[in-house]
Amino acid sequence: MSTKVYYIEGDGIGPEVWAAGRPVLDAAVEKAYGGARALEWVELLAGEKAYRETGSHLPDETMNALRGAALAMKGPLTTPVGKGFRSLNVTLRQVLDLYACIRPIRYFEGVQSPVKRPQDVDMIVFRENTEDVYAGIEYAAGTPEARKLIAFLRDELGARVDEAAGVGVKPMTAKGSKRLVRKALRFALDHGKPSVTLSHKGNIMKHTEGAFRAWGYEVAAEEFAESVMTEDEAKAGGSRPVIIKDRIADAMFQNVLMYPRDYSVIATTNLNGDYISDALAAQVGGLGLAPGVNMSDGLAFFEPTHGTAPTIAGQDKANPGSLILSGAMLLEHAGMPEAAALIHAAVNRVISQKRVTVDLAGQIEGATVVGCREFGELLGAGL
């Protein structure tokens with residue numbers, strides 16, 4: 001039986017990590033299931049490669065295929081900072097309604113970390129993916145659009161906004177917040193996780209971040225009353241499988257450093273989720289081994305969490321680990337947990353041998369630096 005997976009190579013180091021990583025995924029499936037299971041890879045174009053071949057960074061053919069897809073993977077895509085076209089990543093998330101960015105963060109033995117007990121970090125971040133400031137509703141300072149919005153805010157709503165400001169809008173809805181928290185709670189229950197923590201800045205942004213918190217508790221009470229309890233209920237002697245709690249975002253950064261064992265699943269808003277997931281990855285050694293997936297109710301779109309790294313593109317220096325571990329997440333999602341387990345074991349085995357790419361070598365004493373291609377080959381051989 002074959003499982004169709006649409007894929008986009010990506011820009012920068014994307015082609016290199018794909019060339020190193022895809023054979024590892026195929027080999028893991030072959031070893032786990034023989035000829036009974038296989039991955040059918042179908043390439044789609046996006047980013048710089050798409051522009052060279054079609055004149056569009058995101059061709060209609062790609063979007064049409066993804067709208068009907070169940071599984072997809074992609075490499076990193078380029079987005080200019082402060083100019084040029086809008087983020088392709090954000091466009092894909094919004095157009096395909098990939099509302100949940102899910103990133104598991106765990107430690108691999110042997111990688112040096114800036115914290116004392118990185119092995120205590122074992123968390124899954126559920127980040128709302130379509131709303132918040134990432135909605136892309138913003139206007140540059142001095143433009144007619146900015147002046148018009150500022151005039152409305154000042155004249156109609158009495159807000160104090162400097163006329164010279166650039167302005168943006170932070171939309172957040174009950175629908176968007178509840179479905180994200182619902183997915184996090186369902187994951188915690190299905191995987192035996194003890195808690196879901198809502199991370200927010202509701203003490204300051206009461207009607208957006210604060211509303212996210214309130215809506216999160218609402219969905220827990222309305223839909224999971226028999227299996228989820230609050231911290232107060234737990235202190236009063238409650239005995240349901242999952243505790244739902246909340247923490248202010250800045251305190252959350254401190255808590256995951258000092259008390260990582262207290263947190264297992266984190267559900268949070270878009271910007272906060274972007275920050276906390278990268279910070280947690282740093283606690284266990286960096287983005288080189290950090291996988292992720294963006295999900296709608298129909299499509300699971302897996303991707304490495306690092307960027308295009310143009311300064312090392314084409315030099316065989318990139319780490320394909322994030323893409324390979326994202327592929328392991330895909331295999332688990334597609335009902336092939338045995339193949340995923342082989343990949344995780346191979347990553348542990350190769351790291352213990354201290355033959356790693358340059359980003360990891362700087363964090364492992366006595367390590368030997370290998371290239372992107374060779375690191376993939378070592379992982380494949382270690383299955």
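A brief structural summary. What you see is a predicted model; the values in this text were computed from it and never measured. (Residues numbered from 1 in each chain as written. Predicted model: local features only at pLDDT ≥ 70, side-chain atom pairs only at ≥ 80, totals over all residues. Heavy atoms only, no water.)

**Examining the nonpolar core**
- Ranked by internal contacts, the top residues of the largest apolar core, which has 83 residues, are Met73, Leu185, Leu280, Leu331 and Ile343.
- With 8 residues, helix α1 (residues 14-33) is the largest single contributor of residues to this core.
- By size, the runner-up hydrophobic cluster in this structure holds 17 residues, among which are Leu88, Leu92, Leu98 and Phe301. (Core = buried A, V, L, I, M, F, W, Y, C linked by side-chain atoms within 4.5 Å. Buried < 20%, exposed > 50% of the residue type's maximum accessible area, 1.4 Å probe, protein only. Helix = DSSP H or I, 4+ residues; strand = E, 2+ residues; numbered from the N terminus.)

**A short note on the environment of Leu342**
- Mapped onto the fold, Leu342 is located in helix α12 (residues 337-352).
- Each C-alpha atom, one on Leu342 and one on Gly380, is 9.7 Å from the other, the two residues being 38 residues apart in sequence.
- Apart from residues no more than four positions distant in its own chain, Leu342 is found in contact with Ala28, Lys31, Ala32 and Leu383. (Contact = heavy atoms within 4.5 Å.)

**A short note on the pattern of salt bridges**
- As enumerated under the stated definition, the model contains 23 salt bridges in all.
- Between Arg22 and Asp26 there is a salt bridge whose closest N-O contact spans 3.9 Å. Of this pair, Arg22 and Asp26 both sit in helix α1, 4 residues apart, which is roughly one turn of that helix.
- Judged by its relative accessible area of 27%, Asp26 is partly exposed.
- Salt-bridge contacts for Arg261 lead to Asp120; the nearest nitrogen and oxygen are separated by 3.1 Å. Of this pair, Arg261 sits in the loop between α9 (249-258) and β11 (265-268) while Asp120 sits in the loop between β4 (100-106) and β5 (122-128), placing them 141 residues apart in sequence.
- A relative accessible area of 63% means that Arg261 is categorised as exposed.
- Look at the salt bridges and you will find they share partners, linking Glu9, Glu43 and Lys49 into a network. (Salt bridge = Lys/Arg side-chain N within 4 Å of Asp/Glu carboxyl O.)

**A look at helix α5 (residues 144-157)**
- Here α5 contains 14 residues, and its C-alpha end-to-end distance of 19 Å stays within 8% of the 20 Å for a straight helix at 1.5 Å per residue.
- Downstream of α5 by a residue or two, Gly158 has a phi angle that is positive, lying close to 75°. (Expected span 1.5 Å × (residues − 1).)

**Observations regarding the environment of Pro194**
- By the secondary structure assignment, Pro194 is in the loop between α6 (174-190) and β8 (195-200).
- Each C-alpha atom, one on Pro194 and one on Gly307, is 32 Å from the other, the two residues being 113 residues apart in sequence.
- Not counting chain neighbours up to four residues away, the residues in contact with Pro194 comprise Pro241, Val242, Ile243 and Ser264.

**Brief notes about the sheet that holds strand β2 (residues 38-43)**
- The 11 strands lie next to each other as β2-β1-β3-β13-β12-β4-β5-β11-β8-β10-β9, forming an open sheet whose pairing is mixed. The outermost strands of the open sheet, each flanked by one partner alone, are β2 and β9 (228-230). The average angle at which neighbouring strand axes cross in this sheet is 25°, direction not considered. (Pairing = 2+ DSSP bridges. Axes fitted to C-alpha atoms, helices over the stretch in contact; angles between N-to-C directions.)

**Comments concerning the pairing of β2**
- Pairing of strand β1 (residues 2-8) with β2 involves 6 bridges; the strand directions are parallel. Each residue of the ladder has a partner; that of Lys4, found in β2, is Glu40.
- Crossover β1 to β2 through α1 is right-handed. (Right-handed = clockwise from strand over helix to strand, strands pointing away.)

**Digging into the environment of Ala19**
- Structurally, Ala19 can be placed in helix α1.
- Ala19 sits 357 residues away from Gly376 along the chain, and the two C-alpha atoms are 8.6 Å apart.

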